[in-house]
Each structure stands twice: as structure tokens, then as C-alpha cells.
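Report on the structure
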Amino acid sequence: MSGNGAGYIDLSKRRVEEKDIAQLEEKYAKSKEVHTIMRQTAKVTGKVLEDLYVQFGWPLYKKYGHAYIGFCKAIQNEEEVFGEFDIEPEVYETLMKMIRRRLTPSAVRLRADVEVSCDTYEGIEAIKRALRAGEISAADLPSDGDDAAADDDGDADAQASVKLVAPPLYVFLTTANNTDKGTALLNEAIARTKAVIEEAGGKMNLKIPPRATSERDEKDFTALLKDLERANAEVDGDDSAD
């Protein structure tokens, strides 16, 4: 921030367009993360930081638009990113250790609640068929031309599964590193289930759309399933006694 006429450059956000602020802040955060990894690698190995930037830091910025993107890709494919650089083993081992420690994404558990019912002749068979149609993987998603990005997130093998809570309530579940992609997977699973059940004359009602769940949510859901299993077992026992 400059004083008027002081000759300093005004670096305040007031000079930045509102729509650009979030993008620039994200770029700054990524650059800071890259610099931390580079600085720690130089410190641990006793190398000059600038030399590491010259050797592979700046080239990665040029190759990927940002070294952060290159670092993230290296988690999945080291050779693709660093194969062209002649990096000393000690430096390379330390660098990858820092990258994995700071940039490996944390998996997120996502869930959606739906009601599925069918009063036609097919009944339960139609419901089973519809739910099976929803048990898809990320590979079943329509291609958006960004398949490589999905692989970089490690979500190429993400799977949507279905669990019965109590008829007609079911939950769709998946685990993904990228919340948006996990949500897209569940939305596609729900759409396929809806198409099959409606074709059979049944109905599907989306009670709660896909959302990330907390550790407390998972514990409560697991406890609910156990309570239902216990209740069903008691009912089955009563029926057997009769």
C-alpha cells in the first residue's frame, strides 16, 4: 500500500476486481505451499533453494502452469512429472516425502438419502433392479474431457454403494478425494436408479441430496444400522417362536 506520491506500488485488494480475488488468493496459497515444500527440501538436504527452483521448480511452473499442479500429479505418477529431471536421490526422496505429506488429499465420505418404492406387479424385484443400476463407479460417469484430472485426484476407482435403512429409505454412499466428483458420482447413481424404478412404474423421492458427512454422522449412521439389524433379528426370533 503506498502513500500518495511515495512511489510505492499499491498491492491492496482494492485495486483487484471482486471476481478475481478468490482466484488470486487460491494462486497465492498454492505458490506458498510449493515454496514451503521447496524450502523444506533444500533445508533437509543442505541444498541452495534457488538451485532447486532452477533445476525443476521453475520448469514445472512452465510445464503445468503452476508447480503445484505438477506436485499433485506426482503423487499419482512420479515418472511423468520428474522423469525428465536429473535429481539427486537424496533430494528426490525428500521432495516426494514432503509432497505426499502436504498434498495427499484426504478422502471424504459422501451420502444421499432416498426413498424408493414400487406398488406394481414387479414390486421388490423392480426396486432391487433399480438399486443395482445405481451401484456405479467413477468409470461409468459420462466423460467430460477431463479424465486425467479425475485420475490425479485418485477418484478413478470411486464406487457408489447402496444400503437399506428401513423400507422405503435407502442411502447412497461413496468415498472420494474430490467432493465435487463424489457428488457427481452420487447424482448419476441416483439418476440411474430413478430412471429404472420409474420405468417399472415405481417412484423415487430424494430426501436429502448428496453431502459430505462428518465423523459423528458416520457413527450415528452405523449405530442406526446396528439397531435396525438387532430389531429385525428380534422380530425374526418372535416369528420363529410362533
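Residues numbered from 1 in each chain as written. Predicted model: local features only at pLDDT ≥ 70, side-chain atom pairs only at ≥ 80, totals over all residues. Heavy atoms only, no water.

**Some details on the packing of helix 2 (residues 49-64) against helix 3 (residues 67-76)**
Under the convention used in this document: Helix axes are fitted only over the stretch in contact, all axes being lines through C-alpha atoms; the angle between N-to-C directions runs from 0 to 180 degrees. A run of H or I in DSSP counts as a helix once it spans at least four residues, and a run of E counts as a strand once it spans at least two, with each numbered from the N terminus. Note on angle classes: values under 35 degrees are labelled roughly parallel, values over 145 roughly antiparallel, values of 65 to 115 roughly perpendicular, and the remainder oblique. Contacts: residue pairs with any heavy atoms within 4.5 Å of one another. Polar here means any residue other than Ala, Val, Leu, Ile, Met, Phe, Trp, Tyr, Cys and Pro, which are nonpolar, and Asp, Glu, Lys and Arg, which are charged; Gly is therefore polar.
Packing of helix 2 against helix 3 brings their axes to within 7 Å, and their N-to-C directions diverge by 90°. Here helix 2 lies roughly perpendicular to helix 3, going by the angle between them. Taking contact as the criterion, the partners of Gly57, Leu60, Tyr61 and Tyr64 in helix 2 are, on helix 3, Ala67, Ile69, Gly70, Phe71 and Lys73. Its residues assigned to classes, the contact of helix 2 with helix 3 comprises six nonpolar, two polar and one charged.

**What about the packing of aromatic side chains?**
How two aromatic rings sit relative to each other is set out by the distance from centre to centre and by the angle between their planes. Rule in force here: Between rings of Phe, Tyr and Trp, where Trp is taken as its six-membered ring, a pair exists when centres lie within 6.5 Å; planes separated by under 30 degrees are stacked, by over 60 edge-to-face, and by other angles tilted. With a 1.4 Å probe rolled over the protein chains alone, any residue whose accessible area is under 20% of its type maximum counts as buried; one over 50% counts as exposed, and the rest are partly exposed.
By the definition in use, this model includes five aromatic pairs. Judged by centre distance (5.8 Å) and plane angle (80°), the rings of Phe82 and Tyr92 are edge-to-face. Residue Phe82 is located in helix 4 (residues 78-82), and its partner Tyr92 is located in helix 5 (residues 89-103); the two are separated by ten residues in the primary sequence. In this structure Phe82 comes out as buried when scored by relative accessible area, which is 3%.

**Some words on the environment of Gly123**
For Gly123, the location among the structural elements is in the loop between strand 1 (108-117) and helix 6 (124-133). Assessed through its relative accessible area of 11%, Gly123 is described here as buried. Note: C-alpha distance between Gly123 and Gly201 (78 residues apart in sequence) is 9.1 Å.

**Structural notes on helix 2**
To keep it simple, the criterion reads: One axis is fitted to the seven residues ending at the residue and one to the seven starting there. The bend at that residue is the angle between these axes.
In helix 2, a bend of some 45° at Gln55 exceeds every other bend along the element, and Pro59, a proline, comes one to four places later. Taken residue by residue, helix 2 has Leu52, Tyr53, Phe56, Gly57, Leu60, Tyr61 and Tyr64 as its buried positions. One or two steps after helix 2, the chain reaches Gly65, where phi turns positive at roughly 90°.

**Topic: unusual backbone geometry**
Pro167 connects to Pro168 through a cis peptide bond whose omega is 5°. You can see Pro168 is positioned in the loop between strand 2 (161-166) and strand 3 (169-176).

**Description of the side chain of Thr94**
As for its position among the elements, Thr94 is in helix 5. When its relative accessible area of 10% is taken as the criterion, Thr94 is described as buried. Contacts of Thr94, omitting those with residues within four sequence positions, involve Thr41, Val44 and Thr45.

Note that all results are geometric; they support no functional claim without further evidence.
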